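Structural overview
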Amino acid sequence: MAGLNNTKATPPRWLLAELSYKCPLQCPYCSNPLDYAKHNSEISTADWKRVLSQARKMGAVQLGFSGGEPLTRQDLPELVCHARQLGYYSNLITSGYGLSEDKIIQLKEAGLDHIQLSIQASSQELNDYIAATESYENKKIVARLIKKHGYPMVLCVVIHRKNIHQMEQILGMAEELGADYVELANTQYYGWAHKNRDLLMPTKEQYEKAEAIAQAYKEKVADKMKIYYVIPDFHEDRPKPCMNGWGTTFLTIAPDGVALPCHSARELPALDCPNVNDFSIEQIWNESKAFNFFRGDDWMKEPCRSCDEKDKDFGGCHCQAYLLTGDMRNADPVCSKSPDHHVIEAAITSAQVSALSADEKPLLFRNSKNSRKYIENNELQ
Amino acid sequence: MTLNPDLIVRFSAIHRLQWEEAQQKDVILYPEGMVELNQSSAEILKLCDGSRKPEIIVADLEQKFSTSGLQKDIFNFLEIALKNGWIEQH
């Protein structure tokens, strides 16, 4: 490959297998790339089995089957079975759409460990609007079936300005459905969410109120339901330690076999992300340009290079630096030390203005029509 | 939730205890997470098989390692394990 050989790299622990970009839902904050419609090839069952085996041999142990909607792949039970034999802990990350009781049983028998079910809101009207698909009632049925068959269940709710007022009801719903964990994921502004940011970003006051409700609920249900609260980093002074450090822990394989150090990395320019059709996982992890790009701190510019916190946050998120400053080597502008920090303040103000305006533009939903429009014009509007 | 010395201890049905060859360690696996265990924690958890009360676990480990006075440390660890949901008592 690029002549690099990083033998000091720690082995991958987490493998995210994005089986397909196909999805029956159209959530406007989807983290899939805006141009997903042009990456419509999918690697074969045999390719996935090889990837799973190679990554497991290196030390990967947590495995997420994701997408798009992973249930669109008919070979899912076969892949789950292979993963179980290799000793993975398998997580199915699903919208629940099309998940029948028979399939739940079949996957359990194949060795699936856990199901993470997304739900978009605590009311049918809002859930079905955000998903752009009638799915609320079915998701609740699926949640009960998941628990009936003895799986641990994470209920994942992405939080944004259209549903943040439902925080209390969302938690009540999760408790009532028997969730073991509820993940309250404040929207991260990549992919489709970046395009819809003005319409999705809550105000600081809304965040604070919602977080207080979640914290109080945490104490109330401490023994039976764990609450994960994914922070809204636009309102923090320091960036998140993205991916626990680039190329240290996480490996994502996209539906067409492209290996990514983070599931948004496809948006970054000139990384030349390698494909599992051309290289082994070991070559990809240790030798590829993409996985070595942000390892260590040689790549850093100021203010990161001389910062005493650089080992804590690794300069933050490179996708965010690229999307908001145009250079992926810049410090994540969330950091108050970044010379570009004003773009975060501008984004917050812009969302606030949009929230107060009487004629907000409509949300852009994640679907093939909009993706193709983006590919043709390199823009959505 | 506190440890009840009169009830048997069972490893949680929604967690998995597993030896990891790559790390040369026992680990607890759960939805999207992993805890690496040191040898003594792993030895304790392996005995949480639904057949032993806490004091039997202490006795078995003291016998296995030909030592005594482990009760306080083991009970402390079981307390933590219970709080984290790794073990259950019914």
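Right above here is the structure, for reference.
Residues numbered from 1 in each chain as written. Chains lettered and ligands numbered in written order. Predicted model: local features only at pLDDT ≥ 70, side-chain atom pairs only at ≥ 80, totals over all residues. Heavy atoms only, no water.

With respect to the overall build of chain B
Regarding its fold elements, chain B presents three helices and six strands. The helix and strand sequence of chain B, counted from the amino end, reads β-β-β-β-α-β-α-α-β. Here the C-alpha radius of gyration of chain B, 13 Å, is about what a compact globule of 90 residues would show, namely 12 Å. Projected onto its principal axes, the C-alpha positions of chain B cover 35 × 30 × 20 Å. A total of 90 residues make up chain B; the buried ones form 44% of that total. Within chain B, counting contacts between residues at least 6 apart in sequence, those at least 24 apart form 52% of the total. Side chains of chain B carry 9 positive and 14 negative charges; the gap between the two charge centres is 1 Å. (Helix = DSSP H or I, 4+ residues; strand = E, 2+ residues; numbered from the N terminus. Rg over C-alpha atoms; globule rule 2.2 N^0.38 Å. Buried < 20%, exposed > 50% of the residue type's maximum accessible area, 1.4 Å probe, protein only. Contact = heavy atoms within 4.5 Å. Lys, Arg positive; Asp, Glu negative; His and termini not counted. Charge placed at Lys NZ, Arg CZ, Asp CG, Glu CD.)

What about the overall build of chain A?
Of the regular secondary structure elements, chain A holds 15 helices and nine strands. Summarising its shape, the C-alpha atoms of chain A cover approximately 55 × 50 × 45 Å along the three principal directions. With 381 residues in all, chain A has 59% of them scored as buried. Of the contacts formed within chain A by residues at least 6 apart in sequence, a portion of 74% connects residues at least 24 apart. Accessible surface, chain A as shown: approximately 15600 Å² in total, 49% of it carbon and sulfur. Where the 43 positive side-chain charges of chain A centre and where its 50 negative ones centre are 3 Å apart. (Areas by Shrake-Rupley, 256 points an atom, 1.4 Å probe, with all protein chains shown as cover.)

A word on helix α15 (residues 368–377) of chain A
All names here are of chain A. Those residues of α15 lying buried are Asn 370, Ser 371 and Tyr 374. All buried residues of α15 lie within an arc of 100 degrees about the axis, which places them on one face of the element. Away from the buried face of α15 by more than 90 degrees, exposed residues Lys 369 and Glu 376 are located. Asn 378 lies just past α15 and shows a positive phi near 55 degrees. (Arc of directions from axis to C-beta.)

Details of the interface of chain A and chain B
The interface is formed by 24 residues belonging to chain A together with 15 residues belonging to chain B. When chain A packs against chain B, the two sides together hide about 1500 Å² of surface, and 52% of this comes from carbon and sulfur. Looking at the side of chain A facing chain B, the largest losses of area belong to Arg 13, Tyr 89 and Tyr 181 of chain A, adding up to 29% of the total buried there. For the salt bridge of Arg 16 of chain B with Asp 113 of chain A, the shortest nitrogen-to-oxygen distance reads 2.7 Å. In this assembly, chain A and chain B are joined by nine residue pairs in polar contact (both at pLDDT 80 or more). Residues of the side of chain A that touches chain B, tallied by class, amount to nine nonpolar, seven polar and eight charged. (Buried area = accessible area lost by both parts, 1.4 Å probe. Salt bridge = Lys/Arg side-chain N within 4 Å of Asp/Glu carboxyl O. Polar contact = N/O pair within 3.5 Å; in protein donor to acceptor, adjacent residues only side chain to side chain. Nonpolar A, V, L, I, M, F, W, Y, C, P; charged D, E, K, R; others polar.)

Description of the pattern of salt bridges
Residues and elements named next belong to chain A. Under the definition given, this model contains 26 salt bridges over all chains. Between Lys 240 and Asp 233 there is a salt bridge whose closest N-O contact spans 2.7 Å. For Lys 240, a relative accessible area of 21% gives the class partly exposed. Residue classification places Asp 233 among the buried residues on the basis of a relative accessible area of 4%. Residues participating in the shared-partner salt-bridge network are Lys 22, Glu 42, Arg 73 and Asp 75.

As for the side chain of Gln 116 of chain A
Within the secondary structure, Gln 116 of chain A is located in strand β4 (residues 114–118). Among the residues examined, Gln 116 of chain A registers a relative accessible area of 7% and is labelled buried. Only 2.6 Å separates the side chain of Gln 116 of chain A from the side chain of Glu 32 of chain B, close enough to count as a polar contact.

Topic: the sheet that holds strand β2 (residues 16–20) of chain B
All names here are of chain B. With respect to topology, three strands assemble into an open sheet ordered β2-β3-β4, the strand pairing being antiparallel. Of all strands in the sheet, those with a lone pairing partner are β2 and β4 (33–36), marking the two edges. The sheet shows a mean angle of 30 degrees between the axes of neighbouring strands, direction not considered. (Pairing = 2+ DSSP bridges. Axes fitted to C-alpha atoms, helices over the stretch in contact; angles between N-to-C directions.)

What about unusual backbone geometry?
Each neighbour pair has its own omega, and for Gly 67 of chain A with Gly 68 of chain A the value is 10 degrees, a cis peptide bond. By the element assignment, Gly 68 of chain A lies in the loop between β2 (62–67) and α2 (76–86). The amide bond that connects Glu 302 of chain A to the next residue, Pro 303 of chain A, takes the cis arrangement and shows omega of 5 degrees. Its location among the elements puts Pro 303 of chain A in the loop between α11 (289–292) and α12 (310–313). Positioned with a positive phi, Ala 132 of chain A is a non-glycine residue whose angle comes to about 55 degrees. Mapped onto the secondary structure, Ala 132 of chain A falls in the loop between α4 (124–131) and α5 (136–148). Located in the positive-phi region is Glu 32 of chain B, a residue other than glycine, with phi close to 60 degrees. Take Glu 32 of chain B: it is sitting in the loop between β3 (25–30) and β4.

Details of the packing of aromatic side chains
All names here are of chain A. Tallied over the full model, the rule gives 11 aromatic pairs over all chains. Relative to Phe 250, the ring of Trp 14 has its centre 6.2 Å away and its plane inclined at 25 degrees; by these criteria the two rings are stacked. Of this pair, Trp 14 sits in strand β1 (residues 14–20) while Phe 250 sits in strand β8 (residues 250–253); the two residues are 236 residues apart in sequence, bridging distant segments of the chain. Its relative accessible area of 25% is what places Phe 250 among the partly exposed residues. Look at Tyr 189 and Phe 234: their rings are 5.5 Å apart centre to centre, the planes differ by 65 degrees, and that puts the pair in the edge-to-face class. In this pair, Tyr 189 sits in the loop between β6 (181–186) and α7 (191–195) while Phe 234 sits in the loop between β7 (226–230) and β8, placing the two residues 45 residues apart along the sequence. In this structure Phe 234 comes out as buried when scored by relative accessible area, which is 5%. (Phe/Tyr/Trp six-rings, centres within 6.5 Å; stacked < 30°, edge-to-face > 60°.)

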